[in-house]
Amino acid sequence: MEASLQLVMNSMSLGILCASIVFILVGKLVFSCWIIPFLGYRKLKRNGFSGPKPSFPFGNLNDIKLLSSFSSSSPLSISNNIHSTAFPYFAVWQKLYGKVMVYWLGTEAFLYIADPQFVKEMSADIKGKGWGKPNVFKQDREPMFGSGLVMVEGDDWVRHRHVITPAFSPANLKSATDMLDRWGSLVSSGQPEIDVEREIIRTAGEIIAKTSFGISYGNGRKVLEKLRDVQITLFKTNRYVGVPFGKYLNLKETLEAKALGEEIDALLHEIIAERRTKIRGGEAKDLLGMLMADDKNKRALTTKELVDECKTFFFGGHETTALSLTWTLLLLAIHPTWQEELREEIKLVVGDGELRDVAMLAGLKKMGWVMNEVLRLYPPAPNVQRQARQDIRVGKVVIPNGTNMWIDVVSMHHDEKLWGKDVHEFKPERFEDNIYGGCNHKMGFLPFGFGGRMCVGRNLTAMEYKIMLTLILTRFSFSLSPNYCHEPSHMLSLRPKHGMPLIFKPL
Ligand code: HEM
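Starting afresh in each chain, residues are numbered from 1 along the sequence in its written order. In view of the model being predicted, local features appear only for residues whose pLDDT reaches at least 70, and side-chain atom pairs are presented and counted only at 80 or more, with totals across whole chains, interfaces and linings using the full set of residues. In computing side-chain values, all of the structure's heavy atoms are included and hydrogens and water are not.

## Here we look at the overall build of the protein
The secondary structure listing takes helices from DSSP runs of H or I that are at least 4 residues long and strands from runs of E that are at least 2 residues long, numbered from the N terminus. For the protein, the count of helices and strands is 20 helices and eleven strands. Remark: exposure states derive from per-residue accessible area (1.4 Å probe, protein chains only) relative to the maximum for the residue type, with buried under 20%, exposed over 50%, and partly exposed in between. Within the span of the protein, comprising 507 residues, buried residues form 51% of the whole. When checking whether two residues touch, look at their non-hydrogen atoms; a contact exists if any pair is within 4.5 Å. Here the contacts in the protein between residues at least 6 apart in sequence split such that 74% fall between residues at least 24 apart. Areas reported as accessible are Shrake-Rupley estimates using a 1.4 Å probe. Residue values count occlusion only from the protein chains shown. A total accessible area of about 23900 Å² is found for the protein, and carbon and sulfur atoms account for 58% of it.

## Concerning the UniProt feature "binding site: heme" (unreviewed entry) in the protein
UniProt positions are given in the numbering used here, feature names are shortened, and annotations may be inferred rather than shown by experiment. Under the UniProt annotation, "binding site: heme" (unreviewed entry) lies at C455. Summarising the element assignment, C455 is placed in the loop between α19 (416–419) and α20 (458–475). Those residues in contact with C455 that sit more than four places away from it in its chain are R161 and F448.

## Let's talk about the sheet that holds strand β4 (residues 383–387)
With respect to topology, four strands assemble into an open sheet ordered β1-β2-β7-β4, the strand pairing being mixed. Strand pairing shows two members of the sheet lacking a second neighbour, β1 (100–105) and β4, which therefore form its edges. Strand-to-strand twist in this sheet, taken as the mean axis angle between neighbours without regard to direction, amounts to 25°. Any two strands with at least two DSSP-identified bridges between them are counted as paired. Sheet topology places β4 next to strand β7 (residues 404–408); five bridges connect them, and they run antiparallel. Across the sheet, residue R386 finds its bridge partner in β7, namely M405. To obtain each axis, a line is fitted to C-alpha atoms, and for helices this fit is confined to the stretch in contact; angles are then taken between N-to-C directions over 0 to 180 degrees. Packing of helix α4 (residues 88–97) onto the sheet brings it into contact with β1, β2 (108–113) and β7, and relative to β1 it is tilted by some 135°.

## Here we look at the site of the ligand
Distances are taken per atom, and a residue is near a molecule or strand as soon as one of its heavy atoms is within 4 Å of it. Inspection of the region around the ligand gives 26 residues, with W157, R161, R386, R453 and C455 positioned closest. A 3.5 Å cut-off defines polar contacts: any pair of N or O atoms within that distance qualifies, except that in protein one atom must be a possible hydrogen donor and the other a possible acceptor, and neighbouring residues in sequence count only when both atoms are side-chain atoms. Note that an oxygen atom of the ligand is positioned 3.3 Å from one of the backbone N or O atoms of L149. Between the ligand and R161 there is a distance of 2.7 Å, counted from an oxygen atom to a side-chain nitrogen or oxygen. Elements that contribute at least two residues to the shell around the ligand include exactly α8 (154–164), α15 (303–334), β4 and α20. Considering every element that reaches the shell around the ligand, the biggest residue donor is α15, with six residues. When its residues are assigned to classes, the shell around the ligand shows 14 nonpolar, eight polar and four charged. Gly is put with the polar residues, along with every residue not named as nonpolar or charged; the nonpolar set is Ala, Val, Leu, Ile, Met, Phe, Trp, Tyr, Cys and Pro, and the charged set is Asp, Glu, Lys and Arg.

## A few points about the side chain of K466
Among the structural elements, K466 can be located in helix α20. Positive charge is attributed to Lys and Arg, negative charge to Asp and Glu, and no charge count is given to His or to the chain ends. A pairing counts as a salt bridge when a side-chain nitrogen of Lys or Arg comes within 4 Å of a carboxyl oxygen of Asp or Glu. Buried charge without a partner: K466 forms no salt bridge, and the closest opposite charge is E345, 7.1 Å away. Engagement of the side chain of K466 in a polar contact is seen with the backbone oxygen of L361, the distance being 3.1 Å. Here the side chain of K466 touches L364 through a polar contact of 3.4 Å, landing on its backbone oxygen.

## Considerations on the packing of helix α16 (residues 336–350) against α20
Two elements in contact, α16 and α20, have axes whose closest approach is 10 Å; the angle formed by their N-to-C orientations is 105°. Of the possible angle classes, the one that applies to α16 and α20 is roughly perpendicular. On α20, the residues touching Q339, L342, R343 and I346 of α16 are L469, T470, L473 and T474. For the contact of α16 with α20, the class distribution of residues is four nonpolar, three polar and one charged. Here the word oblique covers every angle except those under 35 degrees (roughly parallel), over 145 (roughly antiparallel) and from 65 to 115 (roughly perpendicular).

## Some thoughts on the packing of aromatic side chains
Between 30 and 60 degrees the pair is tilted, below 30 it is stacked and above 60 it is edge-to-face, where a pair is any two Phe, Tyr or Trp rings, Trp via its six-membered ring, whose centres lie within 6.5 Å. Evaluated as defined, the whole model comprises 24 aromatic pairs. Relative to Y240, the ring of F58 lies with its centre 5.4 Å away and its plane at 45°, an arrangement referred to as tilted. Here the residue F58 occupies a position in the loop between α1 (2–46) and α2 (61–68), and Y240 occupies one in the loop between α11 (217–234) and α12 (246–249), the gap between them amounting to 182 residues. Since its relative accessible area comes to 24%, Y240 is described here as partly exposed.

## Focus on the confidence of the model for the protein
On a range of 0 to 100, pLDDT expresses the predictor's confidence in each residue. Taken residue by residue, the protein gives an average pLDDT of 85. The fraction at 70 or more is 86%. For the stretch residues 169–177, pLDDT sits under 50, and the model shows 22 contacts to residues farther than four places along the chain or on other chains.

## As for the pattern of salt bridges
Pairs may arise between side chains of opposite charge once their charged atoms sit close together. This structure, assessed with the given rule, holds 20 salt bridges. In this structure, E416 and K421 form a salt bridge, with 3.1 Å as the shortest nitrogen-oxygen distance. A relative accessible area of 41% places E416 in the partly exposed class. Taking relative accessible area as the criterion, K421 reaches 75% and is therefore assigned exposed.

## Side note on the nonpolar core
The definition of a nonpolar core used throughout is a set of buried Ala, Val, Leu, Ile, Met, Phe, Trp, Tyr and Cys residues joined through side-chain atoms within 4.5 Å. Among the nonpolar cores identified, the biggest contains 136 residues, and F118, M122 and F314 are the most heavily contacted of them. Top contributing element to this core by residue count: α15, with 15 residues. Ignoring any residue separated from it by four or fewer positions in sequence, one finds F118 in contact with F49, V100, L111, I113, V394, V397 and I399.

## Some remarks on the packing of α2 against α4
α4 packs onto α2 with a crossing angle of 110° between their chain directions and a minimal axis gap of 8 Å. By the criterion of interaxial angle, the relationship of α2 to α4 is roughly perpendicular. Listed contacts from α4 to D63, I64, L67 and S68 of α2 are P88, Y89, V92 and W93. When grouped by side-chain class, the residues that make up the contact of α2 with α4 number six nonpolar, one polar and one charged.

## Points about the pairing of strand β9 (residues 488–491)
In the sheet, β9 pairs with strand β10 (residues 493–496) via four bridges, with the strands oriented antiparallel. Each bridged residue has a counterpart across the sheet, and for S489 the counterpart in β10 is R495. Connecting β9 to the next strand, β10, in antiparallel fashion are one residue, including L492 with a positive phi near 70°.

## Comments concerning helix α17 (residues 365–377)
For α17, spanning 13 residues, the distance from its first C-alpha to its last is 19 Å, which sits close to the expected 18 Å at 1.5 Å a residue. Most of α17 is tucked away, with ten of its 13 residues classed as buried. Turning to α17, the residues buried within the fold contact α15, α16, α18 (409–413), α19 and α20. For a helix, the expected span equals 1.5 Å multiplied by the residue count minus one.

In structure tokens, the structure reads:
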């Protein structure tokens, strides 16, 4: 009798324990998925920020999908007025709620900002180290960037940036010449149409693999191909970023990205291990070598940090530069007078010789204007992201601690009020005497971001851009293929959705 009473008591306590655990778990879930976002919503509203009404648990994801489905592409007309094509939902919401408003990715609030004065005021007192990067993207994009420089924060960011910045020295760009040889043989074999997007991304990948990691394209290509696969997987339109348990709604994509991320890590571990043996032999001239040379220093990066930085640089170091060249070739193909202007400038600065001396690049001034104008009209990094790590006062309003921020660079670069009536025209001369291109606000032109977290690779990019464009312009003239279909689209970077076929003629 006593034994069976004990058994009942035991199973009751077990039942109570299980019920308590379930209660706590459900409570935690409701708190993090519903109460916290709801309190955040109220705080943002109290501060006067409005925006499209979110629904639980998807936020505005369904509106984004719906409005994106109306976006159009056209094989015939090429307009540089791209904001409503690439970001139709922001274009619609901006008209309704203004240039600073709130939208929701699942249960994550994002403060959308397309007003340079607001960017200036919100960043006035915050140093690079004080900014966060949205946790929701850190988790989602872990297979691509890990905790590399783009995502890392606080004292770790200071340490990474300190180790990395000096490593940006003039790079070996021989592979650009190899690309042009490849194009030359394609043209002479009777195939004058080339998809320059694919070709240039390949070459820029080759350059970063060689110059930053001292590895052959063969090895680098494996990493780049897998990074590209992760990018495609992560940017499939049907994903639920920000939705609680969203990764389980996209289980196939989540597992695919994770597996690819692990394969990339394994390849990079191999490359790093190989370099460790070489460095002992005294070879440390490229980015990876320099990042590893400090191994005994207490600021040195761990192997996991090195792997993450390699991923970051492999990706960040080739795609943006390649896209700036790709969009340049589009604009030069439809503005042949600018092709001629640049050829004339090259003749004056470089003569008939070869562009060997990096100092010559500074003389290519018009090419610099063209690069800035392309980065204005088609910024390869179309937005800059931050997360508040403290309450931030901007005039009368407060951005609450933890708020994600999405700064819409494309919108600011295409804002008639900032640039004037000719805002959508390709006019490189607007940068002739003015590094801000005549924009009436200094924070209105942000192709490389702003403040302490501004892009570390911007000087390398300018160099690579000028060398590659000089090589292309002195060997070929080019025009647009009738097969080109103009649809700039957002897949982390701003890219031509249907590639960039051009017709090349050797000079
Ligand atoms: C046209 C070419 C490029 C564009 C448009 C571009 C754009 C950007 C932008 C907008 C940011 C964010 C800045 C911010 O948060 O304020 C960034 C950061 C970064 N970029 Fe670039 N980038 C380019 C080329 C490169 C290259 C060639 C490399 C490396 C070789 C590179 C490596 C990085 C890294 C590591 C960061 C993170 C910096 C930090 O948070 O401290 N980028 N870039």
